[in-house]
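# Architecture and fold: a report
For reference, the chains in residue letters:
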Amino acid sequence: MSGPQKPLELILARNLLTSVTTPAFLVARDGTLLFYNEGAGALIGRPFEDIGQLDLDEWTRRFGPFDDDDEPLPFDRLPLTRALREGRPAHDEFTVRSADGVKHRIAASAMPIVGAASGASGAMVIFWPVDENQAREVTTGRHEVAS
Amino acid sequence: MKVRVWGARGSVPAPGPEMNRYGGNTSCVELTLSSGETLILDAGTGIRTLGFSLPPDLERINILLTHLHLDHIQGLMFFPPCFRAESNIRIFGPSSPEASLEARIARYISAPLSPVEVRELPCDVSFHDAPATEWQIGAATIRAEAITHRGPTLGYRITDGDTSLCYIPDHEPGLGADLENLNEEWISGYNLARDADLLIHDCQYTDEEYPGHEGWGHSPITATLTFASRVGAKRTLLFHHDPLHTDSFLDDLHRSARRCWEDLGGNPEQIGIAAERAELTFEGQPSAAPAEARIAV
């Protein structure tokens, strides 16, 4: 299924994320998960092609995030929300759950994407495992996407 | 709508006897609308000779610039109507948060690069950021959208009645993207080019040349044709020829493109290659072409 063509800055952001191993999400202004790359797919246990675009409620239900007490993290505390709301980068650490139920402690940095023509169109969220060994595996591309 | 090519070369003018048939002038295309109004797409060196062909009493001229790389604006300073007080020239181009369109073009039309300054031009010239929404010039409805190239760059879709032309002379939609399989909403330029009667599109490189030029903002044959196929263009004119490509090289490139298009399931007659002074006249479907031989379809 397809909709209207995305703004160029989102197209280019997706192209960039496709080309890097650092796990990353691309999110629309309304919080819809538009795309995640293979690095992110490795961490959450499912390739994007299996999942497709998800609205905000659906992807937070599936993957979290959760706080230190394993409680769902309020959406307005997420770096993504802060980046979209405040128009500036934001960073935090929290836990996400992969498709097989395993929890991963991650650090995430969100960066707003503001296009020349379309204004604020979304955000890019780059994240990596807090565990050093796992982070090294992911960020150097020595991982496999579960299929 | 009548289309006349005044410059099909990319990057830098490439004069010389081995370039005679396709020409050495850089990007410039003239559109004559059904209302008789003239639209000029880009102001590469081809616009100089275009200027000499315009009626001397033509007062209003509209120029749509895709971007401000030199091969798309170099001819402006030598465009004869710029030096007529009666001329009213409106120039549209990409906006920038850094400076106005006039200020950015004035970097070229100013000392030490130029003997004249924009403010010294005797014509009435105005500069406009291309609107974010459709706008009208004469019989044409025009839409501009940002597309994948280096620096802020627009593509244009011009609709005159039921005829549509899409002009994207500098475009690398396949950069970091699987054009063949990507959902269309993620393809740069898709909205502009969808179902266009004529797509004038970047095809600067052969597939063999492309790996050495990836990320330079231009397309190889396969990407150009895959794009044309995905958008459903009824006819495609290969454009923005590399300055190293001689007439015989471009003949070969054209043959390869037509074979490739056939492999994609298309009719090779749909793939033309732009040559200087070539003309196409079409209503919906391109019809008689007075300079058909030079279109080399």
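To start, this report covers the structure provided alongside it. (Residues numbered from 1 in each chain as written. Chains lettered and ligands numbered in written order. Predicted model: local features only at pLDDT ≥ 70, side-chain atom pairs only at ≥ 80, totals over all residues. Heavy atoms only, no water.)

### Some thoughts on the pairing of strand S11 (residues 198–202) of chain B
- With five of five residues buried, S11(B) is to be regarded as a mostly interior element.
- With respect to chirality, the unit in which S11(B) leads through helix H5 (residues 221–231) of chain B into the neighbouring parallel strand S12 (residues 236–239) of chain B is right-handed. (Buried < 20%, exposed > 50% of the residue type's maximum accessible area, 1.4 Å probe, protein only. Helix = DSSP H or I, 4+ residues; strand = E, 2+ residues; numbered from the N terminus. Right-handed = clockwise from strand over helix to strand, strands pointing away.)

### What about the pairing of strand S4 (residues 103–115) of chain A?
All names here are of chain A.
- Strand direction decides the pairing type here: strand S3 (residues 90–97) and S4, joined by eight bridges, are antiparallel. Across the sheet, Thr 95 pairs through a bridge with Arg 105, a residue of S4.
- A loop of five residues connects S3 with S4, the two strands running antiparallel in sequence, and Gly 101 in this loop sits at a positive phi of about 90°.
- Of the pairings in the sheet, the one linking S4 to strand S5 (residues 119–129) comprises 10 bridges and is antiparallel in character. Counted as the bridge partner of Val 114 is Ala 120 from S5.
- Linking S4 back to S5 in an antiparallel pair, the connection comprises three residues. (Pairing = 2+ DSSP bridges.)

### What to know about the sheet that holds strand S7 (residues 135–137) of chain B
All names here are of chain B.
- A sheet is described by the order of its strands in space; here seven strands give the open sequence S7-S8-S9-S10-S11-S12-S13, paired in mixed fashion. The sheet is open, and its two borders are formed by S7 and strand S13 (271–273), each paired with just one other strand. The average undirected angle you get between the axes of adjacent strands in this sheet is 25°.
- In this sheet, strand S9 (residues 154–160) lies alongside strand S8 (residues 140–146) in antiparallel orientation, the contact comprising seven bridges. Looking across to S9, one finds that Arg 143 is bridged to Arg 157.
- Packing against the sheet, H5 makes contact with strand S10 (163–168), S11, S12 and S13, and its axis sits at approximately 150° to S11. (Axes fitted to C-alpha atoms, helices over the stretch in contact; angles between N-to-C directions. Contact = heavy atoms within 4.5 Å.)

### Description of the packing of H5(B) against helix H6 (residues 247–263) of chain B
Residue and element names in this part refer to chain B.
- Orientation of H5 relative to H6, taken along the N-to-C sense of each, is 45°, at an axis distance of 10 Å. Classified by the angle between their axes, H5 and H6 sit oblique to one another. Pair H5 / H6 crosses with right-handed handedness. On H6, the residues that touch Ile 221, Thr 222, Leu 225, Ala 228 and Ser 229 of H5 are Leu 253, Ser 256, Ala 257, Cys 260 and Trp 261.
- Across the contact of H5 with H6, the residue classes break down as seven nonpolar, three polar and no charged. (Parallel < 35°, antiparallel > 145°, perpendicular 65-115°, else oblique. Left-handed = near helix turned anticlockwise from the far one by under 90°. Nonpolar A, V, L, I, M, F, W, Y, C, P; charged D, E, K, R; others polar.)

### Some thoughts on the interface of chain A and chain B
- Between chain A and chain B, the residue contacts involve 17 residues of the former and 17 residues of the latter.
- Roughly 1400 Å² is buried in total at the junction of chain A and chain B, and carbon and sulfur atoms are behind 51% of that figure.
- On the surface where chain A and chain B come into contact, there are one salt bridge.
- A salt bridge links Glu185(B) to Lys6(A); its shortest N-O distance comes to 2.4 Å. (Buried area = accessible area lost by both parts, 1.4 Å probe. Salt bridge = Lys/Arg side-chain N within 4 Å of Asp/Glu carboxyl O.)

### Some remarks on the nonpolar core
- Phe25(A), Leu26(A) and Trp59(A) are the most contacted members of the largest nonpolar core, which has 67 residues in total.
- Counting residues per element, this core draws most heavily on H5(B), at six residues.
- Setting aside anything within four residues of it in sequence, one finds Leu26(A) in contact with Leu10(A), Ala13(A), Arg14(A), Leu17(A), Thr32(A), Leu33(A), Leu34(A), Phe35(A), Ile113(A), Ala123(A) and Trp186(B). (Core = buried A, V, L, I, M, F, W, Y, C linked by side-chain atoms within 4.5 Å.)

### Re empty space enclosed by the protein
- Overall, the coordinates contain two cavities of 30 Å³ or more when judged by the stated rule.
- Taken as a whole, the largest cavity spans an internal volume of roughly 190 Å³.
- As for the largest cavity, its lining consists of 15 residues, and the residues nearest its centre are Phe25(A), Trp59(A), Phe94(A), Val96(A) and Ile106(A).
- Counting only elements with at least two residues in the lining of the largest cavity, the list comes to helix H4 (56–63), helix H5 (79–86), S3, S4 and S5 of chain A.
- In this structure, the second largest cavity encloses a volume near 40 Å³.
- Around the second largest cavity, the lining residues are Leu76(B), Cys82(B), Ile91(B), Ile105(B), Ile109(B), Val118(B), Leu121(B), Val125(B) and Phe127(B). (1 Å grid on protein atoms, 1.4 Å probe; cavity = no way out; pocket = protein on both sides within 12 Å on 5 of 7 lines; lining within 4 Å. Points joined across faces, edges and corners; volume = space filled by probe spheres on them.)

### Considerations on the side chain of Asn62(B)
- Following the sequence through the fold, Asn62(B) ends up in strand S4 (residues 60–64).
- A distance of 2.9 Å separates the side chain of Asn62(B) from the side chain of Arg90(B), its partner in a polar contact. (Polar contact = N/O pair within 3.5 Å; in protein donor to acceptor, adjacent residues only side chain to side chain.)

### Describing the layout of surface pockets
- A volume near 860 Å³ is recorded for the largest pocket.
- Elements that contribute at least two residues to the lining of the largest pocket include exactly helix H1 (8–18) of chain A together with S8 of chain B.
- Space inside the second largest pocket adds up to approximately 480 Å³.
- Secondary structure elements with two or more residues in the lining of the second largest pocket: H1, strand S2 (33–36) and helix H3 (48–51) of chain A.

### Some thoughts on the packing of aromatic side chains
Residues and elements named next belong to chain A.
- Under the criterion given, the structure shown has seven aromatic pairs over all chains.
- Taken together, a centroid distance of 5.4 Å and an interplanar angle of 70° make the contact between Phe 25 and Trp 59 edge-to-face. Of the two residues, Phe 25 sits in strand S1 (residues 24–28) while Trp 59 sits in helix H4, which places them 34 residues apart along the sequence. Trp 59 carries the same exposure label as Phe 25, and that label is buried.
- On the basis of an interplanar angle of 85° and a centroid distance of 5.5 Å, the ring pair of Tyr 36 and Phe 48 is categorised as edge-to-face. In this pair, Tyr 36 is assigned in strand S2 and Phe 48 in helix H3, connecting sequence segments 12 residues apart. In terms of burial, Tyr 36 and Phe 48 fall into one category: buried. (Phe/Tyr/Trp six-rings, centres within 6.5 Å; stacked < 30°, edge-to-face > 60°.)

### Comments concerning the pattern of salt bridges
- Applying the stated rule across the entire model yields 14 salt bridges over all chains.
- Between Arg143(B) and Glu134(B) there is a salt bridge; the shortest N-O distance is 3.4 Å.
- In this structure, Arg258(B) engages Glu269(B) in a salt bridge whose closest nitrogen and oxygen atoms are separated by 2.9 Å. Here Arg258(B) is found in helix H6, whereas its partner Glu269(B) is found in the loop between H6 and S13, with 11 residues between them in sequence.
- Of the residues examined, Arg258(B) reaches a relative accessible area of 16% and is grouped as buried.
- Residues joined in a network through salt bridges with shared partners are Arg85(A), Glu86(A) and Arg88(A).

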